There are 2 protein chains.
Amino acid sequence: MAITIYDISQKAGVSTATVSRVINGGGNVSPATCKKVTDIIEEYGYIPNAYARGMGLRSLKTVGLLCADSSDLYTARAVYLLEQELQANGYESLLCCTGFNQDVRKNYLNLILSKKVDSIILVGSHFIASTELENEYIREAADQIPIMLLNASYSHPNVYSTLCDDYASMYEAASSMIQSGIPDILYLYNSRSYSGLKKLKGFEKALADNHIPESMRNILYYDKSAGGIEDITAFIQEMTDGRPPFHGIIASDDVLAVGGIKYTQKTGLRIPEDISIIGYNNSMLTACCTPSLTSVDNCLEALTHQLIHTLLQVLAGEQMPQKVVFSGKLIERDTTCFH
Amino acid sequence: MAITIYDISQKAGVSTATVSRVINGGGNVSPATCKKVTDIIEEYGYIPNAYARGMGLRSLKTVGLLCADSSDLYTARAVYLLEQELQANGYESLLCCTGFNQDVRKNYLNLILSKKVDSIILVGSHFIASTELENEYIREAADQIPIMLLNASYSHPNVYSTLCDDYASMYEAASSMIQSGIPDILYLYNSRSYSGLKKLKGFEKALADNHIPESMRNILYYDKSAGGIEDITAFIQEMTDGRPPFHGIIASDDVLAVGGIKYTQKTGLRIPEDISIIGYNNSMLTACCTPSLTSVDNCLEALTHQLIHTLLQVLAGEQMPQKVVFSGKLIERDTTCFH
DNA sequence: TCTGATCATGAAAACGCTTACATTAAAATT
DNA sequence: AATTTTAATGTAAGCGTTTTCATGATCAGA
């Protein structure tokens, strides 16, 4: 059996309470005793059992992170930023990747809940609050602890949302393209994302406000979750055989946009002379492709920073706004030429 | 206070032991009682406290994943694959991102250890066993539970390694390039990676075996951890101003290779006619850039699959090989033309 | 009908910590 | 020197489960 606090207390000739005080730095321990205990702990490589601690302590300073797929570029970055912020503030994090299955997600939510976390952050706009079932889970969880949403929003007194205004951002991006003289745009839409719908609406609004006729609407739903770039390229090709009936591509994320680039290059057309392309997320992919990708920056860093700030305040009992909205910004690179 | 097993037992008119049996499916509960208890649990939304369980249970069927930076493309994918495999086998995972600081890493290792995990997987070849300090941690941990290494190896009876033979793979890749008539190669080397050194050695051996003179050796160390593609491009530019004195680039990972592509394009040279490029990892980036990147596939999926297989067997008390080595394979795409 | 086996259940100890409370010793105040 | 205050430490009661062991009920076989 592993070494316990009792063993340490015996070897140090003190009580377990004193050892506990040394470990938790609660004060009221004489320097001499403290040193003696610390030395013994060091010597025996004693590590307190986290579960036993969990029973005693009120808070374990832990927050759960729930995401669908941590290997997704955007999610991975979000998770990393959140973890760094949490760590910097003395919190641990517990990451669960649920995939897209609702039941698995419910199980994981319960799993996290059972671990006495101080809060749960729902990461990535994927799927959040997109179904009734999902709503119910969130409500139940929110009855117990504050729930933080990254890039989604939900109305509940104990749910806090931090998001980028994807509707407005996409509206801006699409408007820029239209006003630069490109009315016929292919819109690539990933239906798996919660904010995807908002972006689509923003795009459609831009079309409407600029009086683009119905006949020029060209929206492609791509709903595979993990298809590679080749898949995307093939998909677009299949849907638009022959010469593409558009001069612009706007995608709801950078991966799709890169698919658009490769597709365009396959058809032999030039970017941006023949076809302009805009992505979304301003991820590292924008710098990887040739030409480099114009993309909407949805300020992930600002979002995560604000989210953790809100969380810490909420946990400290402060009253905080239920919803904080940032706005995105189009970063122009070489797949567009709007001037 | 949250609802406990005791509350449930009262409402169901049974003892806590019976409720526990229902929850853990240990049998020896009458169908009627089982249903009654299950209903009450459902009704009150009872979730057992994980910490209390942790005290009672021998194993929590949990394994810790330790990585430096989960947002790194390769690591993210490895983590995802491992988590999926673990989940499929009824294990939970606990992810910790330590960054590159040794002390932080030690703390995290202890943290994981304190959670009674059944094993720890050290993910990503980054930094593993690269320092004496690191070695010591691993040894200490291995005294308690089996330690699994992904893409690293370490000699200890309780440490199991699953890896790709990066030395041989890089040797092959470099040989291919040299034998296609390109003796002057720039090698881009990320020193933050443990396997980086092996790859470098493989590269150098290929040079030696093909009688490439010392004067043609051109190795660039790039040791920033999180620099973007632009950084890499600028770095290469800075180190090789004017016309590049080489006709091939081999990089120790795909991100560096993409930096090489962008650099080449900036100088106005053609790929692969003027300069051939090979990356490593065969990540999704290979499909994102133009031209698409030739890269060494180090069969991450096979690695993770094998690693979990070994782990499960070890936990089941089986004798397993200490070290399993796969070999990588050069996947030719459009940045090379070796025929 | 009786006996031993099997099944369902409960009582209570154990898991390894934290912490409220009690106690003692030392220091500060009068 | 007596008294009060403060600091250091110990005692023991939880925390919410699991699990061993004991107990009683049911059942099959004679």
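Residues numbered from 1 in each chain as written. Chains lettered and ligands numbered in written order. Predicted model: local features only at pLDDT ≥ 70, side-chain atom pairs only at ≥ 80, totals over all residues. Heavy atoms only, no water.

Turning next to the interface of chain A and chain B. Contact residues are listed per partner, giving 45 residues for chain A and 47 residues for chain B. Between chain A and chain B, roughly 4,100 Å² of surface is buried when both sides are summed, and carbon and sulfur atoms account for 61% of that area. Across the chain A-chain B interface, the total number found is two salt bridges. As a salt-bridge pair, E92 of chain B and K115 of chain A come within 2.7 Å of each other at their nearest N and O atoms. On inspection of chain A and its partner chain B, the count reaches 13 residue pairs in polar contact (both at pLDDT 80 or more). Of all the elements in the fold, those that place two or more residues in the side of chain A that touches chain B are α4 (50–56), α5 (73–88), β2 (92–97), α6 (102–113), α10 (229–239), α11 (254–267) and α12 (285–288) of chain A. Broken down by element, the residue count for the side of chain A that touches chain B peaks at seven residues, all from α5 of chain A. Across the side of chain A that touches chain B, the residue classes tally to 26 nonpolar, eleven polar and eight charged. (Contact = heavy atoms within 4.5 Å. Buried area = accessible area lost by both parts, 1.4 Å probe. Salt bridge = Lys/Arg side-chain N within 4 Å of Asp/Glu carboxyl O. Polar contact = N/O pair within 3.5 Å; in protein donor to acceptor, adjacent residues only side chain to side chain. Helix = DSSP H or I, 4+ residues; strand = E, 2+ residues; numbered from the N terminus. Nonpolar A, V, L, I, M, F, W, Y, C, P; charged D, E, K, R; others polar.)

What the rule picks out here adds up to twelve salt bridges over all chains. Residue D274 of chain A is joined to R270 of chain A by a salt bridge in which the shortest nitrogen-to-oxygen separation is 3.0 Å.

Taken together, 28 residues form the shell around DNA strand D, and within it S15, R21 and T33 of chain A together with I5 and S20 of chain B come nearest. The sugar-phosphate portion of DNA strand D accounts for 66% of its atoms within 4 Å of the protein, the bases making up the rest. A distance of 2.8 Å separates a phosphate oxygen of DNA strand D from a polar side-chain atom of T18 of chain A. Those elements giving two or more residues to the surface near DNA strand D turn out to be α2 (16–24) of chain A together with α2 (16–24) and α4 (50–56) of chain B. (Near = heavy atom within 4 Å.)

A word on the sheet that holds β2 of chain A. Two modes of strand pairing occur in sheets, parallel and antiparallel, and in both the strands are linked by backbone hydrogen bonds. Residues and elements named next belong to chain A. Taking strand neighbours across the sheet as the criterion, the six strands line up as β2-β1-β3-β4-β5-β11 in an open arrangement whose pairing is parallel. Looking at the sheet topology across the chains shown, the edges are occupied by β2 and β11 (323–326). Looking at each pair of strands side by side, their axes are set apart by 15° on average, direction ignored. The sheet contact formed by strand β5 (residues 159–164) and β11 spans four bridges and is parallel. Among the inter-strand pairings, C164 is bridged to a residue of β11, identified as F326. α6 contacts β1 (62–67), β2 and β3 (119–122) of the sheet and is inclined by roughly 175° relative to β1. (Pairing = 2+ DSSP bridges. Axes fitted to C-alpha atoms, helices over the stretch in contact; angles between N-to-C directions.)

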